[in-house]
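Given next are the chains, with one letter for each unit.
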Amino acid sequence: MAVYALTGFSLVSLLSFGYLSWDWMKPGLVADVPTSPMEKPLPPAFTRPPHIIFILTDDQGYHDVGYHGSDIQTPTLDRLAAEGVKLENYYIQPICTPSRSQLITGRYQIHTGLQHSIIRPRQPNCLPLDQVTLPQKLQEAGYSTHMVGKWHLGFYKKECLPTRRGFDTFLGSLTGNVDYYTYDNCDGPGVCGYDLHEGENVAWDQSGKYSTFLYAQRVSKILASHSPKEPIFIYVAFQAVHTPLQSPKEYIYRYRSMGNVARRKYAAMVTCMDEAVKNITWALKKYGYYDNSVIVFSTDNGGQTFSGGSNWPLRGRKGTYWEGGVRGIGFVHSPLIKRKRRTSWALVHITDWYPTLVSLARGNLSNVPGLDGYNVWPAISEGKESPRTEILHNIDPLYNHAKYGSLEDGFGIWNTAVQASIRVGEWKLLTGDPGYSDWIPPQTLTNFPGSWWNLERLTDGLRKSVWLFNITADPYERYDLSEQRPDVVRALLTRLVHYNRTAIPVRYPAENPRAHPDFNGGAWGPWASEDEVEEWEGGGGDPPKSRGKKKKCKICKLRSFFRKLNTRLMSNRI
């Protein structure tokens, strides 16, 4: 099927702006990056398990990397991607916790009970303890495992902490939204606490250090203290570029010509993160890991357009099941790749990293049946076809039901009021309320013609509960084919029914007052003992008195209130 011309705004016009003409490599931006060692012919198989560095960024938009034509400078990412394999048919989840849970377990949200929203700081909830995690499998294979950055997979009891889920060491935050310098996080007016942890202890002494720099420095220290002869796995989950929008001034100065203040700060944060990745890559080379390493780069969800991010030219934003919410930036850089310097259109999903990395590590997958991910290394390294042919983006029965959805609209087999999305081959189906559906150009422009996407917002979606797109021919989701192809709609609804039969109940407990940082020494952290779990998971009873010295939150409560309120308004509490 041919790609249709854009209504009211030609494709040629868009190309003239440069937003659809991706400049895969910008030589002028990468001159300061150290040159890579001369590549050597590889043996038929790896001589030893490779070192694995997995870098995950937070809320980085699809458009917000240089090789996608961005106005943001990312010379390191551009160069690493250009020398490796760019994944241009790569999918993630629309919000934080779901993507992280699927990376760590290799399973869809419906199979972990985390199919609704995120894990909030005061919920007695975490990644299910019966799941064998990716770092645990790598430990079994003889790897040293380390995590640096944002966890956001629950912490209400110690068994939920990263150090209890397969990581030998951990430095980072447990919640989803902390100050980049003070590491304070407010989950509502007056509910503020400190959130930076070293292992299972609060890292009070690290306050004041910008998190992007702190995390890159920690990775370098880990590499310096480890032997490159022994396999290592480092999961680097940058807080960047999630709100609050904070960056060292020297990076903001580079973008002083940007008229949009949020975009300016956001761009500075992306470039700062890019330099952190350069430092990590340089440490791999300096300490002798690089030649036998695999670097995976991934975003966790679409960009938040109200906070400076851009998913252009894709539709939608963070928190939605449109392509702008679920299609991610992804690439693999490694001297071990057989066919380098290319773009792959193989279908890849974030669940695929679990079996792919465990297989690279020569680990045993036989005792973790039922994974939703596939080993996609042959597709990445050799250019073979992906074993994946479909993706369940999600089924969320708790999300607000679409007003105009019904079982009748779903041919009597599926209630189209339920929020769900699936891709099978080139077809993508959405039901219920997929979320905010605009196409939003980069916000550095002023007086940009806007009639064509505003018209779509006014005429599409209000009375609909089913959409069908040919994503291969129409990656920007402009042409709904649900009425023209009811046969395809029925087939994809049948797949949703199949997946829904395998779903476990949603786990989304009520927030518990016991989790308040004031009862935990002023910091976010585990609050339920084994004896308390059954009592407190239901949210009842009175919170016990503080057991330790209370430390006041370091930030002004009034400032915290307005900052948190603003963040929630922009992200719809996601």
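These numbers come from a predicted model, not from an experiment.

Parameters and conventions
Residues numbered from 1 in each chain as written. Predicted model: local features only at pLDDT ≥ 70, side-chain atom pairs only at ≥ 80, totals over all residues. Heavy atoms only, no water. Helix = DSSP H or I, 4+ residues; strand = E, 2+ residues; numbered from the N terminus. Contact = heavy atoms within 4.5 Å. Areas by Shrake-Rupley, 256 points an atom, 1.4 Å probe, with all protein chains shown as cover. Pairing = 2+ DSSP bridges. Axes fitted to C-alpha atoms, helices over the stretch in contact; angles between N-to-C directions. Phe/Tyr/Trp six-rings, centres within 6.5 Å; stacked < 30°, edge-to-face > 60°. Buried < 20%, exposed > 50% of the residue type's maximum accessible area, 1.4 Å probe, protein only. Lys NZ or Arg CZ within 6 Å of the ring centre and 35° of its normal.

Help me out: how do you make sense of the overall build of the chain in this one?
Tallying secondary structure elements over the chain gives 14 helices and 18 strands in all. Relative to all contacts within the chain whose residues are 6 or more apart in sequence, the contacts with residues 24 or more apart total 75%. Only carbon and sulfur atoms are counted for the fraction: they give 54% of the accessible area of the chain, which is about 21800 Å².

Honestly, the sheet that holds strand E2 (residues 85-87) in this entry has me stumped. Any pointers?
Picture the strands of a sheet paired through backbone hydrogen bonds; they go either parallel or antiparallel. Taken in spatial order, the ten strands make up an open sheet running E9-E8-E5-E4-E10-E1-E11-E12-E2-E13, and their pairing is mixed. The open sheet terminates on both sides in strands that have one partner only, identified here as strand E9 (201-202) and strand E13 (342-344). In the sheet, strand E11 (residues 293-299) pairs with strand E12 (residues 330-333) via four bridges, with the strands oriented antiparallel. Bridging across to E12, valine 296 finds its partner in valine 332. On the sheet, helix H7 (residues 261-286) packs against strand E1 (51-57), strand E10 (232-237) and E11 and is oriented at approximately 175 degrees with respect to E1.

Hey, could you run me through the packing of aromatic side chains in this one?
Taken as a whole, this structure holds 19 aromatic pairs when the rule is applied. Taken together, a centroid distance of 6.5 Å and an interplanar angle of 70 degrees make the contact between tyrosine 67 and phenylalanine 331 edge-to-face. Of this pair, tyrosine 67 sits in the loop between E1 and helix H2 (75-83) while phenylalanine 331 is found in strand E12, placing the two residues 264 residues apart along the sequence. A residue is classified by how much of its surface remains accessible, and tyrosine 67, at 0% relative accessible area, is buried. Plain terms: the ring middles of tyrosine 210 and phenylalanine 213 are 5.6 Å apart, the flat faces sit at 65 degrees to each other, and that makes the pair edge-to-face. On the basis of relative accessible area, phenylalanine 213 is assigned to the partly exposed category, the value being 28%. By the ring-pair criterion, three or more aromatic residues cluster together here, those being Phe54, Tyr90, Trp151, Phe167, Phe233, Tyr235 and Trp353. Sitting above the plane of the tyrosine 436 ring, arginine 317 keeps its charged end 4.0 Å from the centroid.

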